[in-house]
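# Fold and geometry: a report
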Amino acid sequence: MTVRFGERVRSALGAQGPLCVGVDPHGALLDAWNLPRSAAGVREFGLRTVDAAAGRVGVIKPQVSFFECFGSAGMASLEDVMRAGREAGLIVIADAKRGDIGTTMDAYAEAWLAPGSPFEADALTVNPYLGVGALTGAFAAAEAHGKGVFVLAATSNPEAPTLQMAKTATGETVSASVMTTVSAFNASHTPAGEWGSLGFVIGATVDADAAGITSANPPAPILAPGFGAQGAGPADLVARFGTTAPTVIASESRSILSAGPDGLAVAIDTRIRTYREILDA
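Residues numbered from 1 in each chain as written. Predicted model: local features only at pLDDT ≥ 70, side-chain atom pairs only at ≥ 80, totals over all residues. Heavy atoms only, no water.

### Looking at the sheet that holds strand 1 (residues 19–23)
Here we have 8 strands rolled up into a closed barrel, ordered 1-2-3-4-5-6-7-8, and parallel in their pairing. Neighbouring strand axes in the sheet, compared pairwise and without regard to direction, differ in orientation by 30 degrees on average. As paired strands, strand 2 (residues 59–62) and strand 3 (residues 91–98) are joined by 2 bridges and run parallel to one another. The residue bridging V59 from the neighbouring strand is I91, located in strand 3. The sheet contacts of helix 9 (residues 174–189) involve strand 5 (148–154) and strand 6 (198–202), and relative to strand 6 the element is tilted by about 165 degrees. (Pairing = 2+ DSSP bridges. Helix = DSSP H or I, 4+ residues; strand = E, 2+ residues; numbered from the N terminus. Axes fitted to C-alpha atoms, helices over the stretch in contact; angles between N-to-C directions. Contact = heavy atoms within 4.5 Å.)

Next up, the structure:
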């Protein structure tokens, strides 16, 4: 029987800690790594990152856009990187932020979550702002295939509050409403005592109180970008997320990748130790 995604994340975080290494081969990093700004460059960048992450962390998160900008060859490179990550035992989250309605969303789910698909990942980030109900096909596909979905709930970009902190007719913020609706799906599909497989994207620098965010019920993974170069540090894991800190996947990219290919493994190890010290304190 396939282990449900929520439980896979729970096990990975328990064994290897919260750090998730982002695979973000943007132009400046390619230059710093002495790699070409090409499909071949992003492939090499991604594979080197997988090699350094394997056995050290439980999760990696390729940012799809940095591969997509090189067209079909870039997407073929992404296939290679994600396949290598999954073969190395890493949980691979495709950060594609897909979101649409009806059969279009179903096709996105098939592309990223179906076993054997060229773009098969362990989980996919999705955008709920065409309505959470529009994502039902992706939710169903994730449950059917032992995969995960991370729903954008509260992001830290300065444009976000206008939409995400607006109040609904029930008085909830939009962010809180998203979490309530997704948690209801989790509750109806998650065995007692397990983590839900539908997680949330909550920026590490978000004011959770202002966004009206409370703990997910049942517990579910929280993908938290914003650690490292975007301003949040390991100490913020507990300070910002409190009792939900054990469910947080702390995503870091530039703060680790800037160490370069030769220093990448050491940078990962150093950051892992810091998170462990914070959580054990």
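### A closer look at helix 7 (residues 136–145)
Of the positions making up helix 7, those classed as buried are A138, F139, A141 and A142. The buried residues of helix 7 occupy one face: seen down the axis, they fall within an arc of 165 degrees. Backbone geometry just after helix 7 places G146 at a positive phi near 70 degrees. (Buried < 20%, exposed > 50% of the residue type's maximum accessible area, 1.4 Å probe, protein only. Arc of directions from axis to C-beta.)

### With respect to the pairing of strand 5
Counted residue by residue, strand 5 has 7 buried out of 7 residues, so it is predominantly covered. Alignment of strand 4 (residues 123–126) against strand 5, held across 4 bridges, turns out to be parallel. Across the sheet, residue A123 finds its bridge partner in strand 5, namely G148. Each parallel crossover has a hand, and the one from strand 4 via helix 7 to strand 5 is right-handed. The pairing of strand 5 with strand 6 spans 5 bridges and is classified as parallel. In the sheet register, V149 faces strand 6, and the bridge partner there is L198. (Right-handed = clockwise from strand over helix to strand, strands pointing away.)

### A closer look at the side chain of T244
Tracing the backbone shows T244 in the loop between helix 11 (236–241) and strand 8 (248–252). Residue T244 is classed as buried on the basis of its relative accessible area, which comes to 15%.

### Brief notes about the packing of aromatic side chains
Applying the stated rule across the entire model yields 5 aromatic pairs. Ring geometry for F227 against Y275: centres 6.1 Å apart, planes inclined by 70 degrees, an arrangement best described as edge-to-face. Taken together, the residues span a long stretch of sequence, with F227 in the loop between strand 7 (222–224) and helix 11 and Y275 in helix 13 (residues 260–280) at a distance of 48 residues. A single burial state applies to F227 and to Y275, both of which are buried. (Phe/Tyr/Trp six-rings, centres within 6.5 Å; stacked < 30°, edge-to-face > 60°.)

### Some words on the pairing of strand 4
Side-chain direction in a regular strand flips from residue to residue, so the side chains alternate between the two faces of the sheet. Across the two faces of strand 4 the burial is the same, with A123 and T125 and L124 and V126 all buried. At this point the chain moves from strand 3, through helix 6 (residues 102–113), to the parallel strand 4, and the crossover so formed is right-handed.

### Here we look at the packing of helix 6 against helix 7
Where helix 6 contacts helix 7, the two axes come as close as 8 Å, and the packing angle between them is 30 degrees. Comparing the axis directions of helix 6 and helix 7 gives the class roughly parallel. In the crossing of helix 6 with helix 7, the sense of the turn from one axis to the other is right-handed. Here M105, D106, A109 and L113 of helix 6 lie close against helix 7, whose contacting residues are G137, A138, A141, A142 and H145. (Parallel < 35°, antiparallel > 145°, perpendicular 65-115°, else oblique. Left-handed = near helix turned anticlockwise from the far one by under 90°.)

Structural measurements only, silent on function.
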